Structures are given as C-alpha cells and as structure tokens.
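Report on the structure
This is what each chain is made of:
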Amino acid sequence: YASAHQSYNVQGYLAINNIYINNYLALKHQTVTEALVANNAFLNNEFSFVNAYDSTAEFKFNYISSNGVGVDNSGRSNLFLSSNQITARICVRTSNTPHWLNTVHIGWTKANMNNFIAHNSTVVSNAIYYDSGNPVILDFKNNYWGTTSYEAIESSIIDYHDHPPYDTSNGGNWAIVEYLPYRQSPVLNAGIQPH
C-alpha cells in the first residue's frame, strides 16, 4: 500500500511537526536509520507509523488517535517510544518480515513513559526473536495503560504467554512484554509539545 509519506534508505531522517489525517498508511520508514519522529499528529489513519527493514527510530511526543494500528515495528528494526499519547485499536504491534530475523539486539521495540488507550489490544507482539530459543524481553515499563488494573493490563497484551508454544529448535521464540512497574496516572507531558 502507498503511504502518505515514505522514506527509503536515509540516515538521520527527521519527521517533526506534521499532521497525517485519514490515510491508510501515514508514515513508513524502510532502511531509515537514526530517525527522529517527534511532535506529529496522526489522526484516523489505519496505520499511523510503520518502522521496517533494518530501520532505527526514536518516536516521541506524538499524538495518535485511530481505530487502526498506532505503531508497527518489523524487519529487524529498532524502535524506542517515549512520551507519546496513543489511542488506537492496537497501540503497538511487532511483526515478522520474511527472511529478516530479529535478535535480542536487532529488531527490538522499547516503550517507556507513554499513555496507551487501546480499543482492543495495547501491545500485540507477533514477532519471533532468535536468542538460543529463549523468549526475548521487550521493555514496556513505566507506561500508563488507561487503567490501573493489573488484570486489565495483562489481558490487553498479546505476547509469549498468549501464543501457542513455538518450536525453539531453530533458536527462535516469542517475546515477553515486560510492563511492571506501570504508572498509576497518565504521563502529563505525553503528546505534542507546544513551541
């Protein structure tokens, strides 16, 4: 699918102070390294931000309001999310890309100090990671999950505990989304920052 904005094979890319409205795919990175995506509004997009194919990005101070997927990370890409306000059907999703194998060092997603309000699932971790068959830990600590109920947070996450057992003989396994400790109240400075 075409995206409203797509970058390919760029180093040091900046996407700052934009508005993406009513797109199937708003912003997509492919082999984009050292990217900063900050202070953007993503409104009513099916996919707001996709980070793919050996990309590295910091995604911070963004506002997402969508009935689709807020952020998707795949294909050996590293993504760090902080201080975002994300309301979506699925706030954060990780997925596999054929022949692009994730490891503990390449292909991780980390999210700290965000506000997540999910219509369906907060985190859907569908990627396989290769670390001698051990489940890889994804750091999702110190976020506000739209609730202070441990049970509600746990049920909004799909990860290692929810997938069928994986054949670890090839060294791969599902990831565990580690969310403890979590915030008891929203992050006050999450979302777009005034200049």
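Summary of the structure given here. Note that the structure is predicted; figures quoted are calculated from it, not measured. (Residues numbered from 1 in each chain as written. Predicted model: local features only at pLDDT ≥ 70, side-chain atom pairs only at ≥ 80, totals over all residues. Heavy atoms only, no water.)

**Thoughts on the packing of aromatic side chains**
Stated formally: When two rings of Phe, Tyr or Trp (its six-membered ring) have centres within 6.5 Å they constitute a pair, described as stacked for plane angles under 30 degrees, edge-to-face for angles over 60, and tilted for the intermediate range. Helix and strand definitions here come from DSSP, where helices need a minimum of 4 consecutive H or I residues and strands a minimum of 2 consecutive E residues; each element is numbered from the N-terminal end.
Taken as a whole and assessed by the stated rule, the structure comprises eleven aromatic pairs. Ring centres of Tyr 20 and Phe 42 lie 4.9 Å apart, and the angle between their planes is 10°; on these two criteria the pair is classed as stacked. Of this pair, Tyr 20 sits in strand β3 (residues 19–21) while Phe 42 is found in strand β6 (residues 41–43), placing the two residues 22 residues apart along the sequence. Linked through ring pairs, Phe 116, Phe 140, Trp 145, Tyr 150, Tyr 179 and Tyr 182 together constitute an aromatic cluster.

**Overview of the layout of surface pockets**
As a reminder of what qualifies: For each structure, a 1 Å grid was placed over the protein atoms alone; sets of points admitting a 1.4 Å probe that cannot get out are labelled cavities, open sets with protein on both sides within 12 Å along at least five of seven lines are labelled pockets, and lining residues have an atom within 4 Å of a point. Grid points are joined across faces, edges and corners, and a volume is the space filled by probe spheres set on the points. Gly is put with the polar residues, along with every residue not named as nonpolar or charged; the nonpolar set is Ala, Val, Leu, Ile, Met, Phe, Trp, Tyr, Cys and Pro, and the charged set is Asp, Glu, Lys and Arg.
By volume, the largest pocket amounts to about 180 Å³. Considering the residues around the largest pocket, the lining is formed by 14 residues, among which Leu 25, Lys 28, Val 50, Asp 72 and Arg 93 are closest to the centre. Every element with two or more residues in the lining of the largest pocket is listed here: β4 (25–33), β7 (47–52), β10 (69–74) and β12 (85–95). Examining the composition of the lining of the largest pocket, we find that three residues originate from one element, β7, more than from any other. The class makeup of the residues in the lining of the largest pocket is seven nonpolar, four polar and three charged.

**Section: unusual backbone geometry**
What counts, and what does not: Only protein chains enter the accessibility calculation, which uses a 1.4 Å probe. A residue is then buried if its area is under 20% of the maximum for its type, exposed if over 50%, and partly exposed in between.
Here the amide bond leading from Leu 180 into Pro 181 is cis, since omega sits at 0°, within 30 degrees of zero. Phi angles above zero are rare outside glycine, and Asn 22 is one such case at about 55°. For Asn 22, the position within the fold is in the loop between β3 and β4. Residue class for Asn 22 comes out exposed when judged on its relative accessible area of 56%. Even without glycine at this site, Asn 142 takes up a positive phi of about 60°. When you line up the elements, Asn 142 lands in the loop between β17 (136–139) and α1 (150–155).

**A look at the pattern of salt bridges**
So the rule is basically this: A pair is scored as a salt bridge if a Lys or Arg side-chain nitrogen falls within 4 Å of a carboxyl oxygen belonging to Asp or Glu.
Under the defined criterion, the tally for this structure stands at six salt bridges. Measuring nitrogen to oxygen at the nearest pair gives 3.0 Å for the salt bridge that ties Arg 76 to Asp 54. Taken together, the positions of Arg 76 in the loop between β10 and β11 (78–82) and Asp 54 in the loop between β7 and β8 (56–60) put the pair 22 residues apart, joining distant regions of the chain. Among the residues examined, Arg 76 registers a relative accessible area of 27% and is labelled partly exposed. The salt bridge involving Glu 178 is made with Lys 141; its shortest N-O contact spans 3.3 Å. In this pair, Glu 178 is assigned in strand β19 (residues 172–178) and Lys 141 in the loop between β17 and α1, connecting sequence segments 37 residues apart. Look at Glu 178 and you get partly exposed, because its relative accessible area is 31%.

**Digging into the side chain of Asn 51**
Worth spelling out the cut-off: Two N or O atoms count as a polar contact when they lie within 3.5 Å, although within protein this holds only if one can serve as hydrogen donor and the other as acceptor, and sequence-adjacent residues are included solely when both atoms are side-chain atoms. Two residues qualify as a contact provided that any one of their heavy atoms is within 4.5 Å of a heavy atom in the partner residue.
Along the chain, Asn 51 falls in strand β7. Engagement of the side chain of Asn 51 in a polar contact is seen with the side chain of Asn 73, the distance being 3.0 Å. Discounting residues that sit within four places of it in the chain, Asn 51 has contacts with His 29, Thr 56, Ala 57, Asp 72, Asn 73, Ser 74, Ser 77, Asn 78 and Leu 79.

Such coordinate-based values are descriptive only and should not be taken to indicate function.
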